[in-house]
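Residues per chain, in single letters:
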Amino acid sequence: MSNETPHGGTGGTSETAPGDRLVRIGVIVFAVGAVATLATVAPLFLGADPLPSVAYFVCMLMGVGFALAAAGMLRSIAAQRREAARVARVAQNKS
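Residues numbered from 1 in each chain as written. Predicted model: local features only at pLDDT ≥ 70, side-chain atom pairs only at ≥ 80, totals over all residues. Heavy atoms only, no water.

A. Inspection of the overall build of the protein chain at higher detail. Looking only at helices and strands, the protein chain features three helices and zero strands. Its helices and strands in sequence order give the protein chain the pattern α-α-α, from N to C terminus. Taken across its 95 residues, the protein chain has 15% of its residues classed as buried. Excluding contacts between residues fewer than 6 apart, the proportion of contacts in the protein chain whose partners are at least 24 apart in sequence is 71%. (Helix = DSSP H or I, 4+ residues; strand = E, 2+ residues; numbered from the N terminus. Buried < 20%, exposed > 50% of the residue type's maximum accessible area, 1.4 Å probe, protein only. Contact = heavy atoms within 4.5 Å.)

Printed below as a string of structure tokens:
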């Protein structure tokens, strides 16, 4: 008996689970924010003039990206739990 959540499998199929797109978008937005953070902090360490305020606002995309990825993960978890409950009900009805 396995305690793993049954799913359609990920072996070479192009199907995406609920929340996958949110996670991918979150990673991209987080990466943009991380690059912006490096770009805004570097002048402070190098003794150059600091970047304009807009650059600091772009740094906040790190948090937005993290939130998007977390929302995608929660959505994926919820979908897996619903699927596991459905499979358990079907198995219970068969016995």
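On we go.
B. Structural context of helix α1 (residues 20–46). For α1, which comprises 27 residues, the first-to-last C-alpha distance of 39 Å matches the rise-based estimate of 39 Å (1.5 Å per residue) to within 8%. For α1, the secondary structure elements touched by its buried residues are α2 (53–59) and α3 (61–94). Trailing α1 by a residue or two, Gly47 shows a phi angle of about 80°, which is positive. (Expected span 1.5 Å × (residues − 1).)

C. Main features of the side chain of Thr40. Tracing the sequence through the fold places Thr40 in helix α1. Residue Thr40 is classed as buried on the basis of its relative accessible area, which comes to 1%. When residues no more than four places from it in sequence are discounted, the contact partners of Thr40 are Leu51, Ala55, Tyr56 and Cys59.

D. Broad picture of a nonpolar patch on the surface. Together, Ile28, Val32, Val54 and Val58 line one region of the surface with nonpolar side chains, adding up to about 330 Å² of accessible area. Summarising the element assignment, Val54 is placed in helix α2. (Patch = residues over 30% accessible without salt bridge, like charges linked within 9 Å, V, L, I, M, F, W, Y side chains within 5 Å. Areas by Shrake-Rupley, 256 points an atom, 1.4 Å probe, with all protein chains shown as cover. Salt bridge = Lys/Arg side-chain N within 4 Å of Asp/Glu carboxyl O.)

E. Fine view of the environment of Ala31. Inspection of the secondary structure puts Ala31 in helix α1. Remark: the alpha-carbon pair of Ala31 and Phe66, spanning 35 residues in sequence, is separated by 9.7 Å.

F. Seen up close, the pattern of salt bridges. For the structure on display, the rule yields one salt bridge. Put simply, Glu83 and Arg86 hold a salt bridge, and the shortest N to O gap is 2.5 Å. Of this pair, Glu83 and Arg86 both sit in helix α3, three residues apart, roughly one helical turn. Relative accessible area serves as the criterion here: at 28%, Glu83 is assigned to the partly exposed category. With relative accessibility at 39%, the residue Arg86 sits in the partly exposed group.

G. Looking closely at the confidence of the model for the protein chain. Looking at the protein chain, the pLDDT average stands at 87 and 85% of residues meet or exceed 70. When pLDDT is averaged over each element of the protein chain, α1 comes out on top at 94 and α2 at the bottom at 91. (pLDDT = per-residue confidence, 0-100.)

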